[in-house]
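# Architecture and fold: a report
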Amino acid sequence: MKQQSSSDIAMHVSYVSILVNLVLSVGKFVAGIMGHSSAMISDAIHSASDVFSTIIVIFGVLLASRSSDADHPYGHEKQEYVATLFLAFVLMFTGLGIGYEGLQSILHKTYLDRESPALIAMAAAIVSIVTKEAMFWYTIRAARKINSGALSADAWHHRSDALSSIGTAIGIGGAILLGNHWRVLDPIAAVVVSFFIMKVAVKLLIPCVDELREKSLPADVENEI
């Protein structure tokens, strides 16, 4: 049996990721509308951003696997870090957007114009948590196997979506259990989720920038080499 190459493994994982995120984003968006939950709609947008980011991963892996040429005598591996950098920025702006919308809803009390979140939104959050955590482990194992930075970034994007859904579930659950006076928990959940997303973005961004700048290893590490 022919052994899969690193690019083949990355492509397979990426295609699975796109399919799962498409189904999740559509399902969560419908559940958010039917369940009157702005937090769930924001969560759906986050999942939709995963589709876009995974496409970037695909291009990054394809570029990185190209052989060296006259213009790139050391190969194209750095281009995978560029893809990872782009993913980090996608995450950052997604977090900022979700946080801004949540704060606007809280400050202007627009959440009072909507009905309380329904159980369908809560069910969608639970399904999302389980699915995205499973996708994180599926993707991170493949990333470690082939030593892919871009695939690892995509795995953490799955984890950030799981964290997003946990915050969403808490907000929706609180609004349902505590009554109409606590509907503000829904947009508050969206704001909390935004900080989780931006934290993951920074975690990806710093080492990626260091690698692209070819930052030196710490002195204690260099002395051990």
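Higher on the page you've got the structure.
Residues numbered from 1 in each chain as written. Predicted model: local features only at pLDDT ≥ 70, side-chain atom pairs only at ≥ 80, totals over all residues. Heavy atoms only, no water.

## Here's the deal with the environment of Ser53
Following the sequence through the fold, Ser53 ends up in helix H2 (residues 38-64). Separated by 37 residues in the primary sequence, Ser53 and Val90 place their C-alpha atoms 7.3 Å from one another. Apart from the residues lying within four places of it in its own chain, the contact partners of Ser53 are Leu87, Asp154 and His157. (Helix = DSSP H or I, 4+ residues; strand = E, 2+ residues; numbered from the N terminus. Contact = heavy atoms within 4.5 Å.)

## Let's talk about the packing of helix H1 (residues 6-34) against helix H4 (residues 119-146)
Orientation of H1 relative to H4, taken along the N-to-C sense of each, is 170 degrees, at an axis distance of 10 Å. The angle between H1 and H4 falls in the class roughly antiparallel. In terms of residue class, the contact of H1 with H4 is made up of 15 nonpolar, seven polar and three charged. (Axes fitted to C-alpha atoms, helices over the stretch in contact; angles between N-to-C directions. Parallel < 35°, antiparallel > 145°, perpendicular 65-115°, else oblique. Nonpolar A, V, L, I, M, F, W, Y, C, P; charged D, E, K, R; others polar.)

## Comments concerning empty space enclosed by the protein
Once rolled over the atoms, a probe with the size of a water molecule shows which space is left empty. Inspection of every chain in the model, using the stated rule, returns two cavities of 30 Å³ or more. The computed volume of the second largest cavity comes to approximately 30 Å³. Forming the walls of the second largest cavity are Ala39, Ser42, Asp43, Ile98, Ser164, Thr168, Ala189, Ala190 and Val193. Sorting the residues of the lining of the second largest cavity by element identifies H2, helix H5 (149-178) and helix H6 (185-212) as the ones contributing at least two each. By residue class, the composition of the lining of the second largest cavity is five nonpolar, three polar and one charged. (1 Å grid on protein atoms, 1.4 Å probe; cavity = no way out; pocket = protein on both sides within 12 Å on 5 of 7 lines; lining within 4 Å. Points joined across faces, edges and corners; volume = space filled by probe spheres on them.)

## Looking at the environment of Glu115
Structurally, Glu115 can be placed in the loop between helix H3 (78-107) and H4. Once residues lying within four places of it in the same chain are set aside, the contact partners of Glu115 are His36 and Arg183.

## Some remarks on the nonpolar core
Soluble, globular proteins show a tendency: their nonpolar side chains are buried together. Among the nonpolar cores identified, the biggest contains 13 residues, and Leu91, Ile197 and Leu204 are the most heavily contacted of them. Elements that contribute at least two residues to this core include exactly H3 and H6. For this core, the leading source of residues is H6, giving seven residues. Those residues within four positions of Ile197 in sequence are excluded, and the remaining contacts are His46, Leu91, Gly95 and Ile98. Ala10, Met11, Val13 and Ile18 belong to the second-largest nonpolar core, a separate cluster that totals 11 residues. (Core = buried A, V, L, I, M, F, W, Y, C linked by side-chain atoms within 4.5 Å. Buried < 20%, exposed > 50% of the residue type's maximum accessible area, 1.4 Å probe, protein only.)

## Some remarks on the packing of H4 against H5
Between H4 and H5, the least distance of the axes is 7 Å, while the angle of their chain directions is 160 degrees. If you check the angle between H4 and H5, you find them roughly antiparallel. For the pair H4 and H5, the sense of crossing is left-handed. Here the contact of H4 with H5 is built from residues that sort into 20 nonpolar, seven polar and five charged. (Left-handed = near helix turned anticlockwise from the far one by under 90°.)

## Description of a nonpolar patch on the surface
A surface patch of nonpolar side chains, amounting to about 340 Å² of accessible area, comprises Val26, Val30, Met34 and Ile120. Considering each element in turn, the nonpolar patch owes the most residues, three residues, to H1. (Patch = residues over 30% accessible without salt bridge, like charges linked within 9 Å, V, L, I, M, F, W, Y side chains within 5 Å. Areas by Shrake-Rupley, 256 points an atom, 1.4 Å probe, with all protein chains shown as cover. Salt bridge = Lys/Arg side-chain N within 4 Å of Asp/Glu carboxyl O.)

## Here's the deal with the pattern of salt bridges
According to the stated counting rule, one finds four salt bridges in the structure shown. Asp43 is the salt-bridge partner of Lys28, the closest N and O atoms lying 3.4 Å from each other. Taken as a pair, Lys28 in helix H1 and Asp43 in helix H2 lie far apart in primary sequence, 15 residues in all. Here the salt bridges share partners, and the residues they tie into one network are Lys28, Asp43, Lys132 and Asp161.

## Concerning the environment of His181
Among the secondary structure elements, His181 is positioned in the loop between H5 and H6. With a relative accessible area of 77%, His181 lands in the exposed category.

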